[in-house]
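Structural characterization, general
What follows is the residue order along each chain.
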Amino acid sequence: MKIEKVKFERLKMPLLSPFQTSFGTETDREFILVSVYGDGLVGYAECVAMDSPVYNEETIDTAWHVAEQFIIPKVLETELDSPEDFSNIFSWIRKNNMAKSAVESAIWDLYAKQKGLTLSEALGGEKEEIEVGVSIGIEPTVDGLLKKVEGFLAEGYKKIKIKIKPGVDVDRVKAIREQFGYDVPLMADANSAYTLADLETLKRLDQYGLIMIEQPLAHDDIVDHAKLQSELETPICLDESIHSLEDARKAIELGSCKIINIKIGRVGGLTQAKKIHDLCQEKGIPVWCGGMLESGIGRAHNIAIASLFNFTIPGDTSASKKYWAEDIIEPEVVLSKPGIVAVPKEPGIGYSLRQDIVDKYLLYSKVYSR
Ligand code: OSB
Ligand code: MG
């Protein structure tokens, strides 16, 4: 594969409603839209780094810098046999996984388009439709939260995830159970807001039958999580702590989690995401696809990876209209049936870009060529 040109566009899109986590509140989403050109075709991807380093160490600007200085020049001068070569070529760059993933995933889309395959097929996906859930931020009031849950359940979403933090946790879970019962597949994501000193609170969550608790402890920890898992009934799912296949192997060996949330950006791209999926399948660890408040382009990649066999838990890949008044893809991501997204059948990511909408939200762009 010859990549002739790479384009980075920085966009800022308003979220339909503010999204609060234990690390802050997002009202707009800024991201980089990546386009790679070769053989008359274009591959697209999205860099999911946030504007400040609250989720991981990267930001939109650091990702742009690393890509511009260290990734794009090499990509433009190298002939890749397949997108799988990318991981090896750039393994010398430590971390900066979202920067790597942004370029790598776009190359995967281009590759699939060149082969006339859907991205799902190119990755070895087997499912024609995927089950999806929603991630609900920390709502200002319990009533507001219950209204949101009600609306998403009415749309058939297959998993309700709520964000929690110390002081806004057990009461929220209890309120949802009292209103909607114990059959609702419910989970909580703490984004690292607790320590082992909060064991009593975390244990109180056990009585509510959560399908999992996501990343309760430090973003870089797998040791305390193993201790916590041995004290909790509720399965622990790791998000922030897993950056690589090796991290996944170690966490599984230590018993730090029973479930892994795979995010393509966090692990450095689709090749690594697939490897972690395969390892988890072998070890009997179910996985699901997390989200980073993506536009339709990043969402399309999430849908493709979630079509792999061991993505057995509904992911955070919700419909476009959960996030955006208008998405940058056509068609938008919709529920084909309640709680279900159909894996697209067109080559590559299977959605086309609405350049008119991109232009509307564009802050600036840069083109790199051979
Ligand atoms: O921890 O899963 C997370 C959004 C931004 C940063 C981290 C997380 C999230 C979400 C949103 O939970 C999931 C989505 O895209 O709907
Ligand atoms: Mg999370």
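Calculation rules
- Residues numbered from 1 in each chain as written.
- Chains lettered and ligands numbered in written order.
- Predicted model: local features only at pLDDT ≥ 70, side-chain atom pairs only at ≥ 80, totals over all residues.
- Helix = DSSP H or I, 4+ residues; strand = E, 2+ residues; numbered from the N terminus.
- Expected span 1.5 Å × (residues − 1).
- Buried ≥ 20, exposed ≤ 12 C-beta atoms within 10 Å, placed from the backbone.
- Arc of directions from axis to C-beta.
- pLDDT = per-residue confidence, 0-100.
- Core = buried A, V, L, I, M, F, W, Y, C linked by C-beta atoms within 7 Å.
- Domains from an automatic or database assignment.
- Contact = placed C-beta atoms within 7 Å.
- UniProt positions renumbered as here; feature names shortened; annotations may be inferred.
- Near = placed C-beta within 6 Å.
- Nonpolar A, V, L, I, M, F, W, Y, C, P; charged D, E, K, R; others polar.
- Pairing = 2+ DSSP bridges.
- Axes fitted to C-alpha atoms, helices over the stretch in contact; angles between N-to-C directions.

With that out of the way, let us pick up helix α5 (residues 142-154). An ideal rise of 1.5 Å per residue puts 18 Å on 13 residues; α5 measures up with 18 Å between its terminal C-alpha atoms. Considered for burial, the residues of α5 that qualify are Leu 145, Val 149 and Phe 152. Here the buried residues of α5 occupy an arc of 70° about the axis, which is enough to place them on one side. Exposed side of α5, more than 90 degrees from the buried face: Asp 143, Gly 144, Lys 147, Glu 150 and Ala 154 are the residues found there.

Chain-level statistics for the chain give a pLDDT mean of 97 and a share of 100% at 70 or above. The ipTM assigned to the predicted complex is 0.99, against a pTM of 0.98.

Val 34, Cys 47, Ala 63, Ala 102 and Ile 260 are the most contacted members of the largest nonpolar core, which totals 109 residues. Per element, the largest residue contribution to this core is 10 residues, and it comes from helix α3 (residues 97-115). For this core, the domains that each give at least three residues are domain 1 (5-117 + 352-369) and domain 2 (122-342). Discounting residues that sit within four places of it in the chain, Ile 260 has contacts with Cys 237, Leu 238, Ile 242, Ala 248, Ile 276, Cys 280, Ile 285 and Val 287.

According to UniProt, the "active site" (unreviewed entry) feature falls on Lys 163 and Lys 263. Note that Lys 163 resides in strand β6 (residues 160-163). Not counting the four nearest positions on each side in its chain, Lys 163 is found in contact with Gln 20, Thr 21, Ser 22, Ile 136, Gly 137, Ile 138, Asp 189 and Asn 191. Its place among the elements puts Lys 263 in the loop between β10 (259-262) and α10 (270-283). With 27 C-beta atoms counted inside 10 Å, the residue Lys 263 sits in the buried group. Setting aside chain neighbours within four positions, we find Lys 263 in contact with Gly 290 and Met 292.

Here we come to the site of ligand 1. In the vicinity of ligand 1, the residues found are Tyr 55, Ser 135, Asp 189, Asn 191, Asp 239, Gly 290, Gly 291, Met 292, Leu 293, Asp 316 and Ser 318. Tallied by class, residues from the shell around ligand 1 come to three nonpolar, five polar and three charged.

Let us look at the sheet that holds strand β15 (residues 362-369). Sheet architecture is open: four strands sit in the order β3-β2-β1-β15, paired in antiparallel fashion. The open sheet terminates on both sides in strands that have one partner only, identified here as β3 (41-47) and β15. Here the strands of the sheet are splayed against their neighbours by 25° on average, with no regard to which way each runs. Here strand β2 (residues 24-38) runs beside β3; their pairing, made up of seven bridges, is antiparallel. Bridging from a neighbouring strand, Ser 35 pairs with Tyr 44 of β3. This element, α3, spans β2 and β3 of the sheet and lies at about 150° to β3. Most of the contacts of helix α11 (residues 296-306) go to β3, to which it runs at about 95°, and overall it touches β2 and β3.

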